[in-house]
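What follows is the residue order along each chain.
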Amino acid sequence: MEKAEEIGRKLGYIFRDAALLETCFTHSSYANEHGGESNERLEFLGDAVLGFLVADELYRTRGVREGEMTALRSRLVSAKPLAEAIRADGLEQYLRVSGSGAGEKAVSSLFEALTAGIYLDGGLEAARAFVRAKLSPEKAAGANYKGELQEYLQARLHETARYVLVSQEGEAHAPRFTVRAEGAGEQALGTGGSVRAAEKDAARSLLELLKERGEERH
């Protein structure tokens, strides 16, 4: 597929299977006119993979109750945020369509197709990293853990949080970063598919730790 490297940079994932990448970006209108396979089957699989990954992420997020998890999952996997995530990186411009162009449904379905494509090409953890980077639960919840941690430290100790990159693992197309957040004499680790995501995870863990320690002292 043309501009595969450019697309890979925007996705944060480099496809091994070029044909699979092309299928991800092939709308049924284009396939019906020019032949080849459309991304409809990938969309079907991606819907299921995306639903699982979002549910799993929400389950692992402490303090989120069942009712909140249901609402957040519905909000995250609906057409609007999926389309917004695609347009945020300009990925809709690569969608192969015929007719009047890429409508909202075609753009949101592209996210599901890409989730499935990355899952098939690189496995579940690669798909997880993609979903976390593009469609994190904290975006839907409005959470800003790094900002909250900074406010917490400044208000009580006039300190600034520090972040240290501990390690980078995994293959180049699906890296996994570990970052340590430090503050108030405590530290916590976080992981993610990018340094930024790992910093957010570490900030969340450290903030929870500091709040627990604060409650124990009272």
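In this report, the structure presented in the accompanying data block is examined. From a predicted model like this one, the values you see are computed outputs, not experimental measurements.

**Here we look at the nonpolar core**
If you look at the biggest cluster of nonpolar residues, it comprises 37 residues, and the most contacted ones within it are Leu11, Phe15, Phe25, Leu91, Phe111, Leu114 and Leu135. Elements with a contribution of two residues or more to this core: α1 (4–11), α2 (18–24), α4 (40–60), α5 (66–76), α6 (79–88), α7 (104–122) and α8 (124–134). Counting residues per element, this core draws most heavily on α7, which supplies 8 residues. Other than its neighbours up to four places away in sequence, leucine 135 contacts Leu50, Leu76, Pro81, Leu82, Ala85 and Phe111. One finds Phe177, Ala202, Ala203 and Leu209 within the second-largest nonpolar core, a separate group that totals 16 residues.

**What about the packing of α6 against α7?**
Between α6 and α7, the shortest axis-to-axis distance is 8 Å and the interhelical angle comes to 80 degrees. Considering their axes alone, α6 and α7 lie roughly perpendicular with respect to each other. For the pair α6 and α7, the contacting residues are Ala79, Lys80, Leu82, Ala83, Ala85, Ile86 and Arg87 in the first and Glu104, Val107, Ser108, Leu110, Phe111, Glu112 and Leu114 in the second. Here the residues of the contact of α6 with α7 sort into 9 nonpolar, 1 polar and 4 charged.

**Focus on α6**
Where α6 is concerned, the buried positions are Pro81, Leu82, Ala83, Ala85 and Ile86. Contact partners of the buried residues in α6: α4, α5, α7 and α8. Following α6 by one or two positions, glycine 90 has its phi on the positive side, about 70 degrees.

Definitions and limits used
Residues numbered from 1 in each chain as written. Predicted model: local features only at pLDDT ≥ 70, side-chain atom pairs only at ≥ 80, totals over all residues. Heavy atoms only, no water. Core = buried A, V, L, I, M, F, W, Y, C linked by side-chain atoms within 4.5 Å. Buried < 20%, exposed > 50% of the residue type's maximum accessible area, 1.4 Å probe, protein only. Helix = DSSP H or I, 4+ residues; strand = E, 2+ residues; numbered from the N terminus. Contact = heavy atoms within 4.5 Å. Axes fitted to C-alpha atoms, helices over the stretch in contact; angles between N-to-C directions. Parallel < 35°, antiparallel > 145°, perpendicular 65-115°, else oblique. Nonpolar A, V, L, I, M, F, W, Y, C, P; charged D, E, K, R; others polar.

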